[in-house]
Amino acid sequence: MKNWTSSESEKTVEQTPSGKVHGGKREYLHNYHDCYQEEQLIYQHLLHLVQMESPEQMVGRFRALFVERANYPEPEIIPILDKITASKQKKNEFNLFINRCCHILINRWYLQPNLHYAIVDLINLFDSPSNRLGINSLRIREIRRLRELIQIFINSEQYVILRRFLQLVNQTPRVNSREENQPLSNLIRRYPYLYEHCLISEDSTFEQQETVRHFQAEVQKKFEVDLSQYITYKVRRIQVLRNVSPAEANRILRPVDNPTLLSDKDLYSTVKQFIGKTDSNYTYQERAQQFLQYVNHRGNNFHNFKKDLHQYLISSIDSKYGQRQFNQRLSNHLQNILPDADDKKINDFLVVRTCSQLLNFLVVNSQASPQHSTFLDLISNQGSLETIGLLLKVVLICSKVKPYLEKRFGILFNHYENATTDVIDWLVATLEQLNIAMSIHFGNIDLSFFKRFC
């Protein structure tokens, strides 16, 4: 084969377990109680209004209440907000409060794509907070306190996540351009396996998590459909070209766009790598099954399991590169994992712990210490495709660490999100290739027809 040259939103809010319901009204839970009732009043106020008023009206209200703090249609709400802002001794408390106010509106709008513009407008309100204080302002201290807290929110993790979320609903043609240099953060929508690690924090409400997971399922399904249709188109085109001219083939077949940021040639190589026979003439799935059967038959203790795992992994490493340093470093890392358990019989805990620690070594250790020199070295010497294949081998023998691998790439994404794609083209390539590998091995896409062309 040649190379390719509203009611549902309301239901979600009312029935989710992240808050209590009293008298038909939802109460949002907090870890603090100094202004609990006042917070509930603001939440219920917004929840009621978002069901009644247009997105434009709600964005205007949000600006008047939280940004301008002036000319709010219900002036009795202002003293309630003042009490909340005056009570916040810990910075993060107000961040949680304003973040949940935002999500009351977002939860209402996200299921309706025609209202996604309102989410963009809402989040963009914080880009240019007001600094003006009216001449006749009687409560200047309260206004200044609110604006101080808003500024703290703008610098918080919650706001960073909101800005990332913006990319899920603010799609323009340039975001999918392969040529235009743009911040990596613009591409977050393309990688649903990153959503839970880049768009959900420890203090995210249940509603926020459900919103993100809804998008995740939706985007993943669309990518798999688009990839399947594109590959089908390419296969059919090659078959048609055996009998007709390219011009005639273009007339017969409707073109399908490449759904990735890879070139046609690189996409072909990626699909072939993860579907075809590459490692000792076996597919990745076959090699993983062979390894697990061997380990189970041998009845390994932990020490021998780590030695066998080392051999399983280096079988796909270029021998010259491996012999220089990598193979020995990998062996040392494996043998240093829980050495006190070396004589124990292998069990699920030891396998999961070993594979997770292995991903730390191969990709990146942690958000606090995002060192990834080994990962960069692998890509430089092996190429991104072989490197993703190495990581896939780990996940295929222990599927429980799949979320852990996704989190490693979430750390890399967060680390580089303000860099432009021309500077980190290697990372964009790995993100795209991992997306394909995950879809083939853990998604619902069926590309079995492609195997005979590999």
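Being a predicted model, the structure only gives us computed values, none of them experimental. (Residues numbered from 1 in each chain as written. Predicted model: local features only at pLDDT ≥ 70, side-chain atom pairs only at ≥ 80, totals over all residues. Heavy atoms only, no water.)

Each helix and strand in the protein was counted, giving 20 helices and two strands. Scored against the burial criterion, the 454 residues of the protein give a buried share of 53%. (Helix = DSSP H or I, 4+ residues; strand = E, 2+ residues; numbered from the N terminus. Buried < 20%, exposed > 50% of the residue type's maximum accessible area, 1.4 Å probe, protein only.)

Along the polypeptide, Arg69 turns up in the loop between α3 (55–68) and α4 (77–87). Through-space distance from the C-alpha of Arg69 to that of Asp82 is 9.9 Å; in sequence the pair is 13 residues apart.

Compared with the 26 Å implied by 1.5 Å per residue over 18 residues, the 25 Å span of helix α20 (residues 425–442) between its first and last C-alpha is a close match. Within α20, 16 of the 18 residues are buried, leaving the element largely enclosed by the surrounding structure. (Expected span 1.5 Å × (residues − 1).)

Turning our attention to the pattern of salt bridges. Two side chains of opposite charge can pair, provided their charged atoms sit close to one another. Within the structure shown, the criterion is met by 17 salt bridges. Lys234 is the salt-bridge partner of Asp264, the closest N and O atoms lying 3.4 Å from each other. On the criterion of sequence distance, the pair formed by Asp264 in helix α12 (residues 264–275) and Lys234 in helix α10 (residues 206–240) is long-range, its members being 30 residues apart. Classification of Asp264 as buried rests on a relative accessible area of 18%. Classification of Lys234 as buried rests on a relative accessible area of 11%. We note a salt bridge from Glu286 to Lys277, for which the minimum N-O separation is 3.3 Å. Classification of Glu286 by relative accessible area gives partly exposed; the value is 31%. Connected via shared salt-bridge partners are Glu53, Arg61 and Glu74. (Salt bridge = Lys/Arg side-chain N within 4 Å of Asp/Glu carboxyl O.)

Quick look at the confidence of the model for the protein now. When the pLDDT values of the protein are averaged, the result is 86; 87% of them are 70 or greater. Within the protein, helix α1 (residues 7–15) has the poorest average pLDDT of any element, 35, and helix α18 (residues 384–397) the best, 97. For residues 1–32, every residue scores under 50 in pLDDT, and the model assigns this stretch 80 contacts once sequence neighbours within four places are set aside. (pLDDT = per-residue confidence, 0-100. Contact = heavy atoms within 4.5 Å.)

Phe62, Phe66, Trp109, Phe165, Leu362 and Phe409 are the most contacted members of the largest nonpolar core, which has 134 residues in total. Not counting chain neighbours up to four residues away, the residues in contact with Phe66 comprise Ile42, Leu46, Leu81, Phe97, Ile98, Cys101, Leu146 and Ile150. (Core = buried A, V, L, I, M, F, W, Y, C linked by side-chain atoms within 4.5 Å.)

A word on the packing of helix α13 (residues 284–298) against α18. Following both chains from N to C, one finds α13 and α18 inclined at 45°, their axes separated by 9 Å at the closest point. When the axes of α13 and α18 are compared, the pair comes out oblique. Every pair of crossing elements has a handedness; the one defined by α13 and α18 is right-handed. Contact residues: α13 offers Tyr284, Gln285, Ala288, Phe291 and Leu292, while α18 offers Glu386, Gly389, Leu392, Lys393, Leu396 and Ile397. (Axes fitted to C-alpha atoms, helices over the stretch in contact; angles between N-to-C directions. Parallel < 35°, antiparallel > 145°, perpendicular 65-115°, else oblique. Left-handed = near helix turned anticlockwise from the far one by under 90°.)

Before going further, it helps to examine unusual backbone geometry. The backbone phi angle of Asn71 is positive, close to 60°, even though this residue is not glycine. Looking at the element boundaries, Asn71 is found in the loop between α3 and α4.

What follows concerns the packing of aromatic side chains. Inspection of every chain in the model, using the stated rule, returns 20 aromatic pairs. When the ring of Phe165 is compared with that of Phe215, the centres are 5.8 Å apart and the planes differ by 85°; the resulting orientation is edge-to-face. In this pair, Phe165 sits in helix α8 (residues 157–169) while Phe215 sits in helix α10, placing the two residues 50 residues apart along the sequence. The pair Phe165 / Phe215 is uniform in exposure class, with both members buried. With a centroid separation of 5.7 Å and 90° between ring planes, the pair formed by Phe375 and Phe409 is classed as edge-to-face. Of this pair, Phe375 sits in helix α17 (residues 373–382) while Phe409 sits in helix α19 (residues 402–416), and the two are 34 residues apart along the sequence. There is no split in this pair, since Phe375 and Phe409 are both buried. (Phe/Tyr/Trp six-rings, centres within 6.5 Å; stacked < 30°, edge-to-face > 60°.)

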